[in-house]
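If you want the building blocks of each chain, they are given just below.
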Amino acid sequence: MNILDAAYHTVHDFRGGANSLAPRMGIKSPAVLNSKVNPNTDTHHLTLLEASKMMGITGDFRILQELNAEHGKVAIDLPVIPECRDTALTELVLSTGIGGGDIQSVFKEMMADGRITEGEVVDMSAVINKLHVILAELNAKVRSCMEKEKA
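Quick look at the packing of helix 1 (residues 3-13) against helix 3 (residues 30-37) now. Where helix 1 meets helix 3, the axes come as close as 8 Å, and the angle between the chain directions of the two elements is 150°. In terms of their interaxial angle, helix 1 and helix 3 are classed as roughly antiparallel. Only L33, N34 and V37 of helix 3 make contact with helix 1, whose side of the interface consists of L4, A7, Y8, V11 and H12. The residue inventory of the contact of helix 1 with helix 3, partitioned by class, reads six nonpolar, two polar and no charged.

Turning our eyes to something else, we now look at the packing of helix 2 (residues 17-25) against helix 4 (residues 48-58). Closest axis-to-axis distance for the helix 2/helix 4 pair is 10 Å, and the angle between their directions is 115°. Note on packing geometry: the crossing formed by helix 2 with helix 4 is right-handed. The segment helix 2 lies against helix 4, with L21, R24 and M25 engaging E50, K53, M54, I57 and T58. Here the residues of the contact of helix 2 with helix 4 are counted per class, giving four nonpolar, one polar and three charged.

Of the volumes computed, that of the largest pocket is approximately 340 Å³. Taken together, 20 residues form the lining of the largest pocket, with I3, L4, A7, L46 and A51 sitting closest to its centre. Only helix 1, helix 3, helix 4 and helix 5 (62-70) provide two or more residues apiece to the lining of the largest pocket.

Before going further, it helps to spend a moment on helix 3. Residues spaced three or four apart along an α-helix face the same direction, because each turn holds 3.6 residues. If you check which residues of helix 3 are buried, you get L33, K36 and V37. For helix 3, the buried positions fall inside an angular range of 85° around the axis, keeping them on one side. Among the structural elements, helix 1, helix 2 and helix 4 are those in contact with the buried residues of helix 3. Sitting at the amino-terminal end of helix 3 is S29, which places a side-chain oxygen 3.1 Å from the backbone nitrogen of A31.

Let us now look at the pattern of salt bridges. Counted according to the given criterion, the structure contains four salt bridges. In this structure, D13 and R62 form a salt bridge, with 2.9 Å as the shortest nitrogen-oxygen distance. Linking D13 in helix 1 with R62 in helix 5, this pair joins segments that are 49 residues apart in sequence. By relative accessible area, R62 is classed as partly exposed at 22%. Between R62 and D60 there is a salt bridge whose closest N-O contact spans 2.6 Å.

Calculation notes
- Residues numbered from 1 in each chain as written.
- Predicted model: local features only at pLDDT ≥ 70, side-chain atom pairs only at ≥ 80, totals over all residues.
- Heavy atoms only, no water.
- Axes fitted to C-alpha atoms, helices over the stretch in contact; angles between N-to-C directions.
- Helix = DSSP H or I, 4+ residues; strand = E, 2+ residues; numbered from the N terminus.
- Parallel < 35°, antiparallel > 145°, perpendicular 65-115°, else oblique.
- Contact = heavy atoms within 4.5 Å.
- Nonpolar A, V, L, I, M, F, W, Y, C, P; charged D, E, K, R; others polar.
- Left-handed = near helix turned anticlockwise from the far one by under 90°.
- 1 Å grid on protein atoms, 1.4 Å probe; cavity = no way out; pocket = protein on both sides within 12 Å on 5 of 7 lines; lining within 4 Å.
- Points joined across faces, edges and corners; volume = space filled by probe spheres on them.
- Buried < 20%, exposed > 50% of the residue type's maximum accessible area, 1.4 Å probe, protein only.
- Arc of directions from axis to C-beta.
- Polar contact = N/O pair within 3.5 Å; in protein donor to acceptor, adjacent residues only side chain to side chain.
- Salt bridge = Lys/Arg side-chain N within 4 Å of Asp/Glu carboxyl O.

This is how it looks when you write it as structure tokens:
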């Protein structure tokens, strides 16, 4: 599958297809939406805002998944913390993901030549230790949030 196929299937697999989805997206004609997602049509194009709105309405993220795959990336769901509205906790969770991204790049660089040097071990250990600190802090914050809820 590719991005254009994902857009086509998002529309056509949605209950009611373009007839149901177009009005929800603010597109006056289902035919226009069908044209926008038809890979063989050059006259109409789905905008990024429309693709985002479509994913939000349908809950179908194949467009995003295909876009990520094309660029060697992945998308993950951010955690929802409904009872504890601690912005520091949310920032910490996000920094865990950001910090975790370093481990992949360090590993890729470390394995590029097929051998691991002492310096590369030190670099990898530093990233792993940084993640341990972030995860320990996250664990403490989550537990403190739970304690606040009990009180």
